[in-house]
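Below, each chain spelled out in residue letters.
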Amino acid sequence: MAFRPLGDRVLVRRVEEEAKTKGGIIIPDTAKEKPQEGEVLSTGPGARDESGKRVDMDVKAGDRILFGKWSGTEVKIDGEDLIIMKESDILGVVA
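Here the structure is a predicted model, which is why all the values come from computation and not from measurement.

About the criteria used
Residues numbered from 1 in each chain as written. Predicted model: local features only at pLDDT ≥ 70, side-chain atom pairs only at ≥ 80, totals over all residues. Heavy atoms only, no water. Helix = DSSP H or I, 4+ residues; strand = E, 2+ residues; numbered from the N terminus. Buried < 20%, exposed > 50% of the residue type's maximum accessible area, 1.4 Å probe, protein only. Contact = heavy atoms within 4.5 Å. Pairing = 2+ DSSP bridges. Axes fitted to C-alpha atoms, helices over the stretch in contact; angles between N-to-C directions. Polar contact = N/O pair within 3.5 Å; in protein donor to acceptor, adjacent residues only side chain to side chain. Salt bridge = Lys/Arg side-chain N within 4 Å of Asp/Glu carboxyl O.

## Remarks on the overall build of the protein chain
Helix and strand counts for the protein chain come out as zero helices and eight strands. In the protein chain, which comprises 95 residues, the proportion classed as buried is 28%.

## A closer look at the environment of L66
Positionally, L66 belongs in strand β5 (residues 64-67). The class of L66 is partly exposed, set by a relative accessible area of 38%. Along the sequence, L66 and G38 sit 28 residues apart, while their C-alpha atoms lie 6.5 Å from each other. Residues contacting L66, with those up to four places away along its chain left out, are Q36, E37, I90, L91, G92 and V94.

## Section: the sheet that holds strand β7 (residues 80-86)
Pairing within the open sheet is antiparallel, and its six strands lie in the order β6-β7-β1-β2-β5-β8. The sheet is open, and its two borders are formed by β6 (73-77) and β8 (90-94), each paired with just one other strand. Here the strands of the sheet are splayed against their neighbours by 45° on average, with no regard to which way each runs. Bridging between β6 and β7 involves five bridges; their strand directions are antiparallel. Of the residues in β7, the one forming a bridge with E74 is I83.

## Structural notes on the pairing of strand β1 (residues 9-14)
Working note: regular strand, side chains alternate between the two faces of the sheet. Across four bridges, the pairing between β1 and β7 is antiparallel. In the sheet register, V12 faces β7, and the bridge partner there is I83. As paired elements, β1 and strand β2 (residues 37-43) share five bridges and run antiparallel to each other. Paired with L11 across the bridge in β2 is S42.

## Points about the side chain of E87
Looking at the element boundaries, E87 is found in the loop between β7 and β8. Only 2.5 Å separates the side chain of E87 from the backbone nitrogen of D58, close enough to count as a polar contact. Once residues lying within four places of it in the same chain are set aside, the contact partners of E87 are D8, M57, D58 and V59.

## With respect to the pattern of salt bridges
Between side chains of opposite charge, a pair can form when the charged atoms approach closely. The tally for this structure, following the rule as stated, stands at seven salt bridges. R64 is paired through a salt bridge with E37; the nearest N and O atoms lie 2.7 Å apart. Of this pair, R64 sits in strand β5 while E37 sits in strand β2, placing them 27 residues apart in sequence. Here R64 falls in the partly exposed class, since its relative accessible area comes to 36%. The salt bridge partner of K76 is D81, with a shortest N-O separation of 3.9 Å. For the pair formed by K76 and D81, the shared burial category is exposed. The network of salt bridges with common partners includes R13, E39 and E80.

Here you go:
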């Protein structure tokens, strides 16, 4: 299914964290928190300002981002768990 976010929304896939600590301890799934890092899959065209002009998005498809723990809405598209969030929920882009 093709999905295109509207306005200033982005479609994000969570990036799984390492299952081991730096010291080599394996973390069980029950103790893991959901990762707060993801990859932007697609973006909307951007929001509109007060005068009606389109404001371009700061992120693009392929960017790795950090976002808040409770950001966005989780959806399932083609059997894959994804997140739709507003651009303002994004904390930053990982270089």
